[in-house]
Amino acid sequence: MSQIQLHKVDLNLLSTFEALIEEGSVAAAADRLHLTASAVSHALGRMRTQFDDPLFVRVGGKMQPTPRALLLADEIAPILRNLRRALEPAETFDPTTTNRVFRIALHSSPAFMAKLTAQIATLAPGAMIDWVRIKTTNQNDLIDGLIDLLHVGGPAHLADGIQSAHVAPLTFFSFARKGHPAAENWSTETAARYRYLQVAVEDTGGSPVEKEHRVLDRPRTLGGKVHDFHLAGPMLEGTDMITTQPAFVMYEAWRRYGLQILEPVAAPKDFPIRFAWSGRLATDPANAWLRETVIAAYCDQDIDITAQMQAAAVPLKE
């Protein structure tokens, strides 16, 4: 295959390719781009020649991307996103008129996510919030412009080019099902009789709760492990397991399943939390508005939830 001459590439073809990938049909892509179907088909023909690949094939009545097209989609998405941002007029961001898509990577907290989404819908009715899962590639996505804001738990190293702001450390509580017998005489001895549920997340470098148990020489036995915080509620409701988690991510489960809150036997006291963003976007008005809005809402929610749980927690008898 001959080398592509970049100066001959029509940027409109990249926009057409993006629409085809996301819409899945020539007709839908044409509607999105305000073009005729024949114009999109012609553009697809040019791209097939340019990349020496069919890019899309019809399977079962639908247009399916080839492996080459999927690879191109991953490479082209950040390019187009950054290009659109670069071409936006400077200092013209208005939340009341924007239709921007904001992407936030945050540990699962349905109560906060719903509250913030509603708040942003009021402040910026045309904007959309895309909640992104926490995963090991988040920092790269932040640098590439694929996400706007990242919730960072723990002392994780941030890559060059990423800026951040600390918020209050997480407050941890233990949770068990309603009516759990351990709550009648909650102590380190009582806690050791029960098995624990662990929530395994990808960005902390291991369980900070497990580390505290080792430091205090208060061993615990794991009885189960789940991959996301929102699964903890139903797991606790149906078992006698106990879990120790941050207040912020357990609020909805606490309310929905009527969970018992216990003062933890062992938990981090100063577990750091930050919000991070790309240094390239530090002065971008839209990104600045987003992080100010999100961080303020997060801090208010965290203070409120922590106070409620502290009032409801069964104290630990030493």
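Structure: above.
Below you will find a few notes about this structure. (Residues numbered from 1 in each chain as written. Predicted model: local features only at pLDDT ≥ 70, side-chain atom pairs only at ≥ 80, totals over all residues. Heavy atoms only, no water.)

### A few points about the environment of E210
No. 1: Within the secondary structure layout, E210 lies in helix α8 (residues 208–215).
No. 2: When the C-alpha atoms of E210 and F56 are compared, they prove to be 49 Å apart, with 154 residues separating the residues in sequence.
No. 3: Leaving out residues up to four positions away in the same chain, E210 has contacts with Q198, R220 and L222.
No. 4: Reaching out from E210, the side chain makes a polar contact with the side chain of R220 at a distance of 2.8 Å. (Helix = DSSP H or I, 4+ residues; strand = E, 2+ residues; numbered from the N terminus. Contact = heavy atoms within 4.5 Å. Polar contact = N/O pair within 3.5 Å; in protein donor to acceptor, adjacent residues only side chain to side chain.)

### Details of the pairing of strand β12 (residues 271–278)
No. 1: Burial analysis of β12 places 7 of its 8 residues in the buried class, the great majority of the element.
No. 2: Alignment of strand β5 (residues 149–153) against β12, held across 4 bridges, turns out to be antiparallel. Residue pairing across strands places L150 opposite A276, the latter belonging to β12. (Buried < 20%, exposed > 50% of the residue type's maximum accessible area, 1.4 Å probe, protein only. Pairing = 2+ DSSP bridges.)

### Thoughts on the nonpolar core
Burial of nonpolar side chains together is a common tendency in soluble globular proteins.
No. 1: F175, M250 and M309 are the most contacted members of the largest nonpolar core, which has 49 residues in total.
No. 2: Top element by residues in this core is helix α11 (residues 285–312). It accounts for 9 residues.
No. 3: Those residues in contact with M250 that sit more than four places away from it in its chain are F175, F229, A232, L236, T243, Q245, L259 and M309.
No. 4: One finds V40, L44, M47 and L72 within the second-largest nonpolar core, a separate group that totals 21 residues. (Core = buried A, V, L, I, M, F, W, Y, C linked by side-chain atoms within 4.5 Å.)

### Some details on helix α1 (residues 11–23)
No. 1: Between its first and last C-alpha atoms α1 spans 18 Å; for 13 residues at 1.5 Å apiece the expected length is 18 Å, and the two agree.
No. 2: For α1, the full list of buried residues reads L13, L14, T16, F17, E18, A19 and L20.
No. 3: Close packing links the buried residues of α1 with α2 (26–33), α3 (37–51), β1 (56–59) and α4 (67–87).
No. 4: Positive backbone phi, at 85°, marks G24, one or two positions downstream of α1. (Expected span 1.5 Å × (residues − 1).)

### Comments concerning the pairing of β5
The side chains of a regular strand alternate, residue by residue, between the two faces of the sheet.
No. 1: β5 sits mainly inside the fold: 5 of its 5 residues count as buried.
No. 2: Because side chains alternate across β5, one face comprises the buried residues L149, H151 and G153, and the other comprises L150 and V152, equally buried.
No. 3: Direction of pairing for strand β3 (residues 101–105) relative to β5: parallel, over a ladder of 2 bridges. Residue pairing for β5: A105 is matched across the bridge by L150.

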